[in-house]
Amino acid sequence: MADTPIKYRPHHFLCSLGFQGKGYSDGFTANMSAIVMGQLRAPGGDAAIIEVVGATDDICTPCPKRRGTLCESQDKIATLDARHARALKLFVGSQLTWGEAKKRMIKHVPPGALSHICLGCQWLDLGLCEHALSDLHGKD
Ligand code: SF4
């Protein structure tokens, strides 16, 4: 497990729960797979430490939509981050483990909630994230 915390903007916690290998480019998908499959979902992944950041993060690094520390869809992304931060009680600079993040999802994000907090995301209609959230609640 890496010693340095993974850096995540707020909405990427739930994106990581629902991630099924789809992304904005091959490079984006390979990087996100390395973080999600290679660290968070690997044995011991619940202990991985994640630091909350308020701009582009470790998922955004190779994204073709990244513009420096911003996104080409910055307004939409900022709105997603604000909704997700409120839902999961995340603050920039705080650190939590992936296991703790999943506990917060169970406690604060009921099945069906993504239709509101993820409104505007192009991946929402695929249903993968909502399916993963339901599965997580099923393991509660
Ligand atoms: S619907 Fe979009 S913003 Fe919501 S968890 Fe999935 S990928 Fe992330």
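Here, the structure is the one placed above.
Residues numbered from 1 in each chain as written. Predicted model: local features only at pLDDT ≥ 70, side-chain atom pairs only at ≥ 80, totals over all residues.

Asker: Tell me about helix α3 (residues 74–88), and name the residues and values.
Answerer: With 15 residues, α3 ought to run about 21 Å at 1.5 Å a step, and its terminal C-alpha atoms sit 21 Å apart, in line with that. Residues Ile77, Leu80, Asp81, His84, Ala87 and Leu88 constitute the buried set of α3. The buried residues of α3 occupy one face: seen down the axis, they fall within an arc of 130°. For α3, exposure combined with an orientation more than 90 degrees from the buried face picks out Asp75 and Arg86. Elements that come into contact with the buried residues of α3 comprise α1 (12–18), β4 (70–71), α4 (98–108) and α5 (114–117). At the exit of α3 stands Lys89, carrying a positive phi of roughly 55°. (Helix = DSSP H or I, 4+ residues; strand = E, 2+ residues; numbered from the N terminus. Expected span 1.5 Å × (residues − 1). Buried ≥ 20, exposed ≤ 12 C-beta atoms within 10 Å, placed from the backbone. Arc of directions from axis to C-beta. Contact = placed C-beta atoms within 7 Å.)

Asker: Could you give me a rundown of the site of the ligand, with the residues and numbers involved?
Answerer: The immediate surroundings of the ligand are formed by His11, Leu14, Cys15, Gly18, Leu80, Leu114, Cys118, Cys121, Trp123, Leu124 and Cys129. When grouped by side-chain class, the residues that make up the shell around the ligand number 9 nonpolar, 2 polar and no charged. (Near = placed C-beta within 6 Å. Nonpolar A, V, L, I, M, F, W, Y, C, P; charged D, E, K, R; others polar.)

Purely geometric numbers; function is a separate question.
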